[in-house]
Amino acid sequence: MALHPEVAAYRAARVAAGTPPLYTQTLSEARAADLAAIRAGGGAVEQVAEVRDERIPGPGGDLPIRVYRPGGPGPLPTLLYFFGGGWTLGSVDTADGICRRLANAAECQVVTVGYRLAPEHPFPAAVHDCHAATVWIAANAEEFGVDPTRLAVGGDSAGGNLAAAVTLLCRTDGPPLAAQLLVYPNTDVSAEPSGPVDDDPALFNRRSVAWYRTHYLADEEQSRNPLASPLLADDLSGLPPALVVTAELDPLCAEGQRYAQRLRACGVPTRLDHYPQMIHGFFAMPGAFTDGQRAQHRAAAFLRERFGLPSRRDEPAAGQADDDPAAAGSGVGAAAAGPDATPGAAAADAGVRGG
């Protein structure tokens, strides 16, 4: 298994420090360790014109949200961002760095949603919370300075799973969406993950995936519900254009690529941005991984395009396009893309977090 030099250094530091895998810790310990790791790898905290915390109605009570608003007049295009953490870990603080950088680079408003966590609130609580927040933001567009014609959803890992599920609900129940940003998403919780990481305790691995799934699903039969496993939906047509980010050494890589392939087969303009030698979680840790910086910039470029904003001079060049998502991975940022091909993205996590 060939590791990117930055991944190898990150892994070595974790081994030297004796950092235990999250799946060996109690929930409270894992939740604290997850946030600490994200902050440690997040890099410099970017300033945003306005950041504020609010509460909005949700299916199980009020939901905390955090609003990131860049400078400039509104109404603004808006991204609803759902944090990762295996549906079990995380809060609005988890995605703070990501949301700040996307708000600045994409020049859009970003709203992150504090959905209910498992195992206290198993599937489908998180899905319905995220959809309810999306509906509420669209319905209160004037109050929040939102352009309801330019609304997108996104998330990393479990957050990517939730974003994909929300697009299925929005296709039927609204609101209409302009884009979906899926960063190393779980797309099939019914299947065993595969990949070169195996059970390395210093990296996010198959045991990590199983640990999160056990907390999230109250019944194994739920794993075949398309809101838990979007890859298993009968029909993916009519969904918003997608950017799917995958990493070679992520046990979720293959299912992310299969999801991109299915979206394209159903006529959804889809770009797959793949990073060789990268691991789950890298997108959230640009301070540790250069590819994390690149991936976030490319995600912002995708959002700008979907929101009809002009490109920026500092945007990275698009990766190489390939019509077959399974062929992606010939180089950093190689993009397996559909009729709508452009920028790429990636993933990394050394067992610090995941899901």
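Quick summary incoming for the structure in this document. (Residues numbered from 1 in each chain as written. Predicted model: local features only at pLDDT ≥ 70, side-chain atom pairs only at ≥ 80, totals over all residues. Heavy atoms only, no water.)

### Section: the packing of helix α4 (residues 125-139) against helix α6 (residues 158-173)
The axes of two packed helices give the description: the angle between them and the distance between them.
Right, on to step 1. Direction vectors running N to C along α4 and α6 enclose 55°, while the axes themselves pass 9 Å from each other. Taken together, the axes of α4 and α6 lie oblique to each other. Between α4 and α6 lies a crossing whose hand is right-handed. Contact with α4, carried on its side by Ala126, Val127, His128, Cys130, His131 and Thr134, involves Leu162, Ala165, Val166, Leu169, Cys170 and Asp173 of α6 and no other residues of that element. (Axes fitted to C-alpha atoms, helices over the stretch in contact; angles between N-to-C directions. Helix = DSSP H or I, 4+ residues; strand = E, 2+ residues; numbered from the N terminus. Parallel < 35°, antiparallel > 145°, perpendicular 65-115°, else oblique. Left-handed = near helix turned anticlockwise from the far one by under 90°. Contact = heavy atoms within 4.5 Å.)

### So, the packing of aromatic side chains
Right, on to step 1. Applying the stated criterion to the full structure yields 9 aromatic pairs.
Right, on to step 2. Between Tyr10 and Phe289, the ring centres sit 5.2 Å apart and the planes meet at 85°, which makes this aromatic pair edge-to-face. With Tyr10 in helix α1 (residues 5-17) and Phe289 in the loop between β8 (270-275) and α9 (290-306), this pair connects stretches of sequence that are 279 residues apart.
Right, on to step 3. With centroids separated by 5.6 Å and ring planes inclined at 75°, the aromatic side chains of Phe123 and Tyr216 adopt a geometry described as edge-to-face. Of this pair, Phe123 sits in the loop between β4 (109-113) and α4 while Tyr216 sits in helix α7 (residues 206-216); the two residues are 93 residues apart in sequence, bridging distant segments of the chain. This pair shows no difference in class: Phe123 is buried, exactly as Tyr216 is.
Right, on to step 4. An aromatic cluster is built from Trp87, Phe123 and Tyr216, whose rings are joined through pairwise contacts. (Phe/Tyr/Trp six-rings, centres within 6.5 Å; stacked < 30°, edge-to-face > 60°. Buried < 20%, exposed > 50% of the residue type's maximum accessible area, 1.4 Å probe, protein only.)

### Describing the pattern of salt bridges
Right, on to step 1. By the definition in use, this model includes 14 salt bridges.
Right, on to step 2. Here Asp96 ties to Arg100 by a salt bridge, and the two come within 2.8 Å at their closest N and O atoms. Of this pair, Asp96 and Arg100 are both found in helix α3 (residues 96-106), 4 residues apart, which corresponds to roughly one turn of the helix. Comparing Asp96 with Arg100 shows no difference in burial state: the two are buried. (Salt bridge = Lys/Arg side-chain N within 4 Å of Asp/Glu carboxyl O.)

### Some points on the environment of Ala141
Right, on to step 1. Mapped onto the elements, Ala141 comes out in helix α5 (residues 141-144).
Right, on to step 2. When the C-alpha atoms of Ala141 and Pro75 are compared, they prove to be 8.2 Å apart, with 66 residues separating the residues in sequence.
Right, on to step 3. In contact with Ala141, other than residues within four places in its own chain, are Val146 and Pro148.

### Describing the pairing of strand β5 (residues 146-156)
Right, on to step 1. Across the 11 residues that make up β5, a large majority, 9, are buried.
Right, on to step 2. Across 6 bridges, strand β3 (residues 76-82) lies against β5 in parallel orientation. Residue pairing for β5: Tyr81 is matched across the bridge by Gly154.
Right, on to step 3. Once you follow β5 into α6 and on to strand β6 (residues 179-183), the crossover reads as right-handed. (Pairing = 2+ DSSP bridges. Right-handed = clockwise from strand over helix to strand, strands pointing away.)

### Section: the environment of Glu50
Right, on to step 1. Here Glu50 shows up in strand β1 (residues 50-56).
Right, on to step 2. Take Glu50: its relative accessible area is 33%, and that puts it in the partly exposed class.
Right, on to step 3. Separated by 19 residues in the primary sequence, Glu50 and Arg69 place their C-alpha atoms 5.1 Å from one another.
Right, on to step 4. Setting aside chain neighbours within four positions, we find Glu50 in contact with Val67, Tyr68 and Arg69.

### Some details on the pairing of β3
Right, on to step 1. Burial analysis of β3 places 7 of its 7 residues in the buried class, which makes it a mostly covered element.
Right, on to step 2. Bridge count for β3 against β4 is 4 bridges, and the pairing is parallel. In the strand pairing of β4, Leu79 is matched with Val110.
Right, on to step 3. Between β3 and its parallel partner β4, the chain crosses via α3, and the hand of that crossover is right-handed.

### Quick notes on the environment of Tyr216
Right, on to step 1. Since its relative accessible area comes to 1%, Tyr216 is described here as buried.
Right, on to step 2. Placed 98 residues apart in sequence, Tyr216 and Ala118 show a C-alpha to C-alpha distance of 5.2 Å.
Right, on to step 3. Once you skip the residues sitting within four places of it in the chain, Tyr216 turns out to touch Trp87, Ala118, Pro122, Phe123, Ala126, Val127 and Leu162.

### Observations concerning α3
Owing to its 3.6 residues per turn, the α-helix brings residues three or four apart onto one side.
Right, on to step 1. Taken across its 11 residues, α3 has 9 buried, putting it largely inside the fold.
Right, on to step 2. Considered for burial, the residues of α3 that qualify are Asp96, Ile98, Cys99, Arg100, Arg101, Leu102, Ala103, Ala105 and Ala106.
Right, on to step 3. Count one or two residues on from α3 and you reach Glu107, which has phi positive near 55°.

### Quick notes on α4
Right, on to step 1. Its 15 residues give α4 an end-to-end C-alpha distance of 21 Å, which sits within 8% of 21 Å, the value for a rise of 1.5 Å per residue.
Right, on to step 2. Every buried residue of α4 is listed here: Ala125, Ala126, Val127, Asp129, Cys130, His131, Ala133, Thr134, Ile137 and Ala138. (Expected span 1.5 Å × (residues − 1).)

### Brief notes about the packing of α3 against α9
Right, on to step 1. Axis separation between α3 and α9 bottoms out at 9 Å; the angle between their running directions is 50°. Of the possible angle classes, the one that applies to α3 and α9 is oblique. Of the two possible hands of crossing, α3 and α9 adopt the one that is right-handed. Along its contact with α3, which presents Ile98, Arg101, Leu102, Ala105 and Ala106, the element α9 presents Gln296, Ala299, Ala300, Leu303 and Arg304.
Right, on to step 2. Tallied by class, the residues present in the contact of α3 with α9 amount to 7 nonpolar, 1 polar and 2 charged. (Nonpolar A, V, L, I, M, F, W, Y, C, P; charged D, E, K, R; others polar.)

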